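# Fold and geometry: a report
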Amino acid sequence: MISLAVLCNLLFAIAAKPAPSPLPALLQEVEEKYKAANTLSAEFSQTQYLAVLEQTRKSGGMIRIKRPDKVVWDTSEGELSRLISNGVTVWLYTPPFAEGERGQVMKYMASGYQSRLAPALLAGSFSAAKDLLIEAKTATEFVVTPRKKGLAGTVRRAELVIDPEQKLIRRVILEHEGGNRAEINLLQIKLGANVTDDEFNFKTPGGTDEVDGK
């Protein structure tokens, strides 16, 4: 029979042993680098496949992120729009399509907005997303599977492509329920960019209709 002293020592050894990290080693390094920088600025190009329409659309613009949850997503190529979140409120602004028309801004609570997964992945916030299963596909590619809905919204699967030398996130691919797909490529990535809190608050321009999102 095992003695109480031996049992206590065994339990102490198990408790003292560090728990294995849920993240692959490369993603740990990326997350540490992005966390230390705190901010990110990058150009993006995006290709979206819309399953219902059987159409592919391309867009591009700039992304600015301040961890943990502030985002500006400016689409200046393709269908123009701005997505801004200060961590509490999300604004989705569409400017007028033609002179004389009105723009529109939809306002959401950040906690209930369903398109939060892409900014979280682009910001290297992997550990914060506890409802995600992250597995290595290759040495530099990783598959992200949401365990349940939440910040993932309609995303059923995502992929990350990492630059292993610079420890930068170069591509995020999102596969949605229903067959929609988006591939986001990042260029001119700047970590630690001078990004102020004022940039993450939206001021509604004149001639804009305000709509409360659900």
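The sections below set out a description of the structure shown in this document. (Residues numbered from 1 in each chain as written. Predicted model: local features only at pLDDT ≥ 70, side-chain atom pairs only at ≥ 80, totals over all residues. Heavy atoms only, no water.)

Right, let's get into the packing of aromatic side chains. Under the defined criterion, the tally for this structure stands at three aromatic pairs. A ring pair is formed by W91 and F202, whose centres lie 6.4 Å apart and whose planes are at 35°; its orientation type is tilted. Of this pair, W91 sits in strand β5 (residues 89–94) while F202 sits in the loop between β11 (181–191) and β12 (208–212), and the two are 111 residues apart along the sequence. Each residue in the set W91, Y93 and F202 is aromatic and connected to the rest through ring pairs, giving one cluster. (Phe/Tyr/Trp six-rings, centres within 6.5 Å; stacked < 30°, edge-to-face > 60°. Helix = DSSP H or I, 4+ residues; strand = E, 2+ residues; numbered from the N terminus.)

Let us now look at the pattern of salt bridges. Inspection of every chain in the model, using the stated rule, returns 14 salt bridges. Of the charged contacts in the structure, one is a salt bridge between E175 and R157, with a shortest N-O distance of 3.4 Å. One end of the pair, E175, is in strand β10 (residues 168–176); the other, R157, is in strand β9 (residues 155–163), and 18 residues separate them in sequence. On the basis of relative accessible area, E175 is assigned to the buried category, the value being 16%. Judged by relative accessible area, R157 falls into the partly exposed class, the value being 22%. For D163, the salt bridge goes to R170, with nearest N and O atoms at 3.6 Å. Connected through salt bridges with shared partners, the residues K137, R156, R157, E159 and E175 form a single ionic network. (Salt bridge = Lys/Arg side-chain N within 4 Å of Asp/Glu carboxyl O. Buried < 20%, exposed > 50% of the residue type's maximum accessible area, 1.4 Å probe, protein only.)

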